[in-house]
Structure formats: structure tokens, C-alpha cells
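For reference, the chains in residue letters:
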Amino acid sequence: MAADGTITLIIADDHAMVRAGFVSLLTEQPGIEIIGQAENGLDCVRLAADLRPDVVLMDVSMPIMNGIEATREVVRDSSSRVLILTTYDSDDYVYEALRAGASGFLLKDAAPSELINAITVIAAGDALLAPGITRRLIERFAAAGGPSAPNRDALGRLTDREREVLTAVARGRSNAEIAATLVIAEQTVKTHVSRMLTKLGLRDRAQLVVAAYESGLVTPGR
């Protein structure tokens, strides 16, 4: 993020009209600066490496390299965060996008205020993961099979309280809801989340949810 708090942005979409629409909307927003546009995933990866934006708005279906593959490359090689934008309301896209390292997932027909809020939330280092998205993950993991042993071992680094907080996060609970349930301060919840991210080497809340289900700490229907 720039010294003045401006959020820098790259838009990746293979449709020029769609990119133009996002540019028209977002250039009017104070505190957001569009520094690049890409028409395919490969160009997006290259731009992100050169320009280091705070956030990448990433379409899923693009030529040469799709948005999921591009997301994986962007988050591996930079600190940029990715907001997946798509017309496809698909469980597979949600699952694969978050596994690739995306910090959020939004449909293209979302209201402008939702898009602006998503960009702000993700740029601040949080994740846009609504309870509805969490339910999709639950369903996906239910069909995917057993937990991953490496992730199960990694959770051994967490305290009992951190495991409680992680379980609540994986259930789609907000910080305020977790605080009320565990009878602790909301700031304490934020501290636990921050420590878990550090201990597990993860980027944000979205990846915490994935880790909770992959490790078997949380299972669907329980």
C-alpha cells in the first residue's frame, strides 16, 4: 500500500469491455489506483511481478493461463493479494481459488459497494470469506476424502485456545461472534488469528479455513 494509504490494483480479464467497466467504476473511488491491466493470466503474472500491486482483480476463465493458475503464481512470487471475480457460481472455482491462495471470491454481478468493500478488506490483510463460501468449502471437503497428515502435524503448534478459535473461524464465525462464544475480547480473537497465521505460515483467514478442514480439525456435519 502506498505511503498515503492508496490501494494499488491490477485488473485481469480477457474481455476489454469488462475491464473498461471496472476501470470506470474504480477510478472514481478515492484511495484506489489502477496501475495495470492484463488480458490473460500470463500477462497478469508478469505485471504483478513488475508492479507489485496491493490487490489483483482476477477473472477465472482466461486464455493462455487461467485465473486459478495465475493466482497461484502471483501469491507465490509476491505479497499481492488476489480477489477472484467470475460469472461462475461454482463450488469447484471457490475451492480451487482458495487453495491457490486467493484471499476472496466475488461474483461479477455483485454490487459496486461490495466490490469496493472487498478490495479494501483484502488490501488490509484480511480475507473476504462469507459464511456462504465456508459452506461451499464444507461440502467440497466432505467429498474430497480424509485429512492431510502434514497439515494435521502443523496444528500441533497451536494452543488449545487457538484451536478453539480456528474451529470457529472454519465454521464461518466473525471475530465478534467468536469473542461472544468464548467470552473473550474481540481484540484477543484478532491476536489469536494473527498468531495462528504466523505459526502455520499462512496468508489470511481464507487459508486458515482450508487448513482446518484439510487437517481434519473440523469435519462437515460436526
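Residues numbered from 1 in each chain as written. Predicted model: local features only at pLDDT ≥ 70, side-chain atom pairs only at ≥ 80, totals over all residues. Heavy atoms only, no water.

(A) Region of the structure containing the overall build of the protein chain. Along its length, the protein chain carries 11 helices and 5 strands. For the protein chain, long-range pairs separated by at least 24 residues make up 66% of all intrachain contacts whose partners lie at least 6 apart in sequence. Entry remark: accessible area of the protein chain is about 10,400 Å², with carbon and sulfur atoms responsible for 49%. (Helix = DSSP H or I, 4+ residues; strand = E, 2+ residues; numbered from the N terminus. Contact = heavy atoms within 4.5 Å. Areas by Shrake-Rupley, 256 points an atom, 1.4 Å probe, with all protein chains shown as cover.)

(B) Region of the structure containing the environment of Ala 127. The residue Ala 127 is located in the loop between helix H5 (112-123) and helix H6 (131-144) in this model. Taking the relative accessible area as the measure of exposure, Ala 127 reaches 9% and is therefore buried. Expressed as a C-alpha distance, the spacing of Ala 127 and Arg 205, which sit 78 residues apart in the sequence, is 5.4 Å. The residues contacting Ala 127, other than those within four sequence positions of it, are Ser 103, Val 121, Asp 204, Arg 205 and Ala 206. (Buried < 20%, exposed > 50% of the residue type's maximum accessible area, 1.4 Å probe, protein only.)

(C) Quick look at the sheet that holds strand S5 (residues 104-107). The strand order across the open sheet formed by 5 strands is S2-S1-S3-S4-S5, and the pairing between neighbours is parallel. The two strands at the open ends of the sheet, each matched to only one other strand, are strand S2 (32-38) and S5. With direction set aside, neighbouring strand axes in the sheet form an average angle of 25 degrees. Pairing between strand S4 (residues 81-86) and S5: 4 bridges, direction parallel. Considered in S5, the bridge of Thr 86 is made with Leu 107. Helix-sheet contacts for helix H3 (residues 67-77) involve strand S3 (55-59) and S4, and the interaxial angle to S3 is about 160 degrees. (Pairing = 2+ DSSP bridges. Axes fitted to C-alpha atoms, helices over the stretch in contact; angles between N-to-C directions.)

(D) View of the pairing of S4. The buried fraction of S4 amounts to 6 of the 6 residues, a majority that puts the element mostly inside the structure. On S4, burial covers both faces: Arg 81, Leu 83 and Leu 85 on one face and Val 82, Ile 84 and Thr 86 on the other are all buried. Direction of pairing for S3 relative to S4: parallel, over a ladder of 5 bridges. Paired with Val 56 across the two strands is Val 82, which belongs to S4. Note that the unit made of S3, H3 and S4 has a crossover that is right-handed. (Right-handed = clockwise from strand over helix to strand, strands pointing away.)

(E) Representation of the nonpolar core in the model. Residues Cys 44, Val 56, Met 58, Val 74, Val 82 and Ile 84 are the most contacted members of the largest nonpolar core, which totals 26 residues. When contributions to this core are tallied by element, the ones reaching two or more residues are strand S1 (7-12), helix H2 (41-51), S3, H3, S4, helix H4 (91-100) and helix H11 (205-215). Beyond its immediate stretch of four places on either side in the chain, Met 58 contacts Ala 12, Cys 44, Gly 67, Ala 70, Thr 71, Val 74, Val 82, Leu 83, Ile 84 and Leu 85. If you look at the next biggest cluster of nonpolar residues, it comprises 21 residues, including Leu 155, Leu 158, Leu 166 and Ala 168. (Core = buried A, V, L, I, M, F, W, Y, C linked by side-chain atoms within 4.5 Å.)

(F) Representation of the confidence of the model for the protein chain. In this model, the protein chain carries a mean pLDDT of 83, and residues with pLDDT of at least 70 account for 84%. Looking over the protein chain, one finds the lowest element-wise mean pLDDT in H6, namely 58, and the highest in S1, namely 96. (pLDDT = per-residue confidence, 0-100.)

(G) Seen up close, the packing of helix H9 (residues 175-182) against helix H10 (residues 186-200). As a packed pair, H9 and H10 sit with axes 8 Å apart at the nearest point and diverge in direction by 110 degrees. Taken together, the axis directions place H9 and H10 in an arrangement best described as roughly perpendicular. In contact with Asn 175, Ala 176, Ile 178 and Ala 179 of H9, H10 contributes Glu 186, Val 189, Lys 190 and Val 193. For the contact of H9 with H10, the class distribution of residues is 5 nonpolar, 1 polar and 2 charged. (Parallel < 35°, antiparallel > 145°, perpendicular 65-115°, else oblique. Nonpolar A, V, L, I, M, F, W, Y, C, P; charged D, E, K, R; others polar.)

(H) Summary view of the pattern of salt bridges. For the structure shown, the criterion picks out 5 salt bridges. A salt bridge links Arg 46 to Asp 43; the shortest N-O distance between them is 3.9 Å. Of this pair, Arg 46 and Asp 43 both sit in helix H2, 3 residues apart, which is roughly one turn of the helix. Classification of Asp 43 by relative accessible area gives partly exposed; the value is 27%. Asp 77 serves as the salt-bridge partner of Arg 76, at 3.4 Å between the closest nitrogen and oxygen. The exposure class of Arg 76 is exposed, given its relative accessible area of 58%. Counted as one network, the salt bridges with shared partners bring together Glu 73, Arg 76 and Asp 77. (Salt bridge = Lys/Arg side-chain N within 4 Å of Asp/Glu carboxyl O.)

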